[in-house]
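Given next are the chains, with one letter for each unit.
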Amino acid sequence: MAMVVVHGVLADAAQWNDVRTELVAAGHQVIARDRRGRNGIALNADYSVKTEIEDLHRVLDEAGPGSVLFGHSYGAVIALLTAQQRDDLHSVILYEPIATGHQLKAFVGTAVERAKRAVEAGDLDAAMEILVTDVSPTPPDVLARYRGNRMWQSQLPFVPSAIQELEALLAHDIDYDQVTPPRAPAKVVLGAKNVGTMPFGRPTETLAYTIGAELLLLDDLGHVAHMQTPAKLVEAINS
């Protein structure tokens, strides 16, 4: 069975290689492509969440009917909105969709604007630090180790696109307590460390309740289970 994987912000398809390996071993045909804004695929001037939905429809058309659609973070938002428009999916799995619109704005404040100014000044490191502290909260002790590893360096090229993606999310209001369910059966995945928190945990919990989806908790994990324990994430996907 084909599984289409949609990655989030500050990521590309390669970040999901370990998960892909586990999924292939479990019998899935995995389709994980880079979204716009990384590895030579430019963001268009009128980029919006709608752009991503249109792109994903094309990928799903190529994958054929009966595919499983999996999205993470911003990718989960794209997957949800796309799945609402299709009736040919086997199922939908959403891992910690991020808050959007006014809810995201209330949490991040001026972080996106400050990160954008840092990018314009040529300081990707400063912009990255704003994004991983004020948008996707990273504890100070973890941040120190994060800055020193190769993951930080690999994500820096994605920072300018991340700014545009977050601007698109701020402009696209989704009330997860009123959202239309996807037409296919859905599961929602949440890292136990993010229960009750913003900008991932509370939206995920609300979405699961609203659409009547099974909520799968990942013990001792948060937003990046695909990098920390890919086998555990795949176990949840296949449950």
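Residues numbered from 1 in each chain as written. Predicted model: local features only at pLDDT ≥ 70, side-chain atom pairs only at ≥ 80, totals over all residues. Heavy atoms only, no water.

For the protein chain, the name recorded in an unreviewed UniProt entry is Alpha/beta hydrolase, with Kibdelosporangium aridum as its organism.

Peer 1: Which residues make up the packing of helix α5 (residues 111-120) against helix α9 (residues 159-170), and what are the values?
Peer 2: At a minimum axis separation of 10 Å, α5 and α9 run at an interaxial angle of 150°. By the criterion of interaxial angle, the relationship of α5 to α9 is roughly antiparallel. Judged by the sense of rotation from one axis to the other, the crossing of α5 with α9 is left-handed. Contacts between α5 and α9 pair Val112, Ala115, Lys116 and Val119 from the former with Val159, Pro160, Ile163, Leu166, Glu167 and Leu170 from the latter. Looking at side-chain class alone, the contact of α5 with α9 contains eight nonpolar, no polar and two charged residues. (Axes fitted to C-alpha atoms, helices over the stretch in contact; angles between N-to-C directions. Helix = DSSP H or I, 4+ residues; strand = E, 2+ residues; numbered from the N terminus. Parallel < 35°, antiparallel > 145°, perpendicular 65-115°, else oblique. Left-handed = near helix turned anticlockwise from the far one by under 90°. Contact = heavy atoms within 4.5 Å. Nonpolar A, V, L, I, M, F, W, Y, C, P; charged D, E, K, R; others polar.)

Peer 1: I'd like to hear about a nonpolar patch on the surface, residue by residue, with values.
Peer 2: A surface patch of nonpolar side chains, amounting to about 240 Å² of accessible area, comprises Val195, Leu215 and Leu217. Note that Val195 resides in the loop between β5 (186-191) and α10 (201-211). (Patch = residues over 30% accessible without salt bridge, like charges linked within 9 Å, V, L, I, M, F, W, Y side chains within 5 Å. Areas by Shrake-Rupley, 256 points an atom, 1.4 Å probe, with all protein chains shown as cover. Salt bridge = Lys/Arg side-chain N within 4 Å of Asp/Glu carboxyl O.)

Peer 1: Can you tell me about the packing of helix α2 (residues 49-63) against helix α3 (residues 74-83), naming the residues and giving the values?
Peer 2: One way to put it is that α2 packs onto α3 with a least axis distance of 9 Å and a crossing angle of 70°. Here α2 is positioned roughly perpendicular relative to α3, judged by the angle of their axes. When you trace α2 past α3, the crossing you get is right-handed. In this structure, α2 contributes Val49, Glu52, Ile53, Leu56, His57 and Leu60 to the contact, and α3 contributes Tyr74, Ile78, Ala79, Leu81 and Thr82. For the contact of α2 with α3, the per-class residue count stands at eight nonpolar, two polar and one charged.

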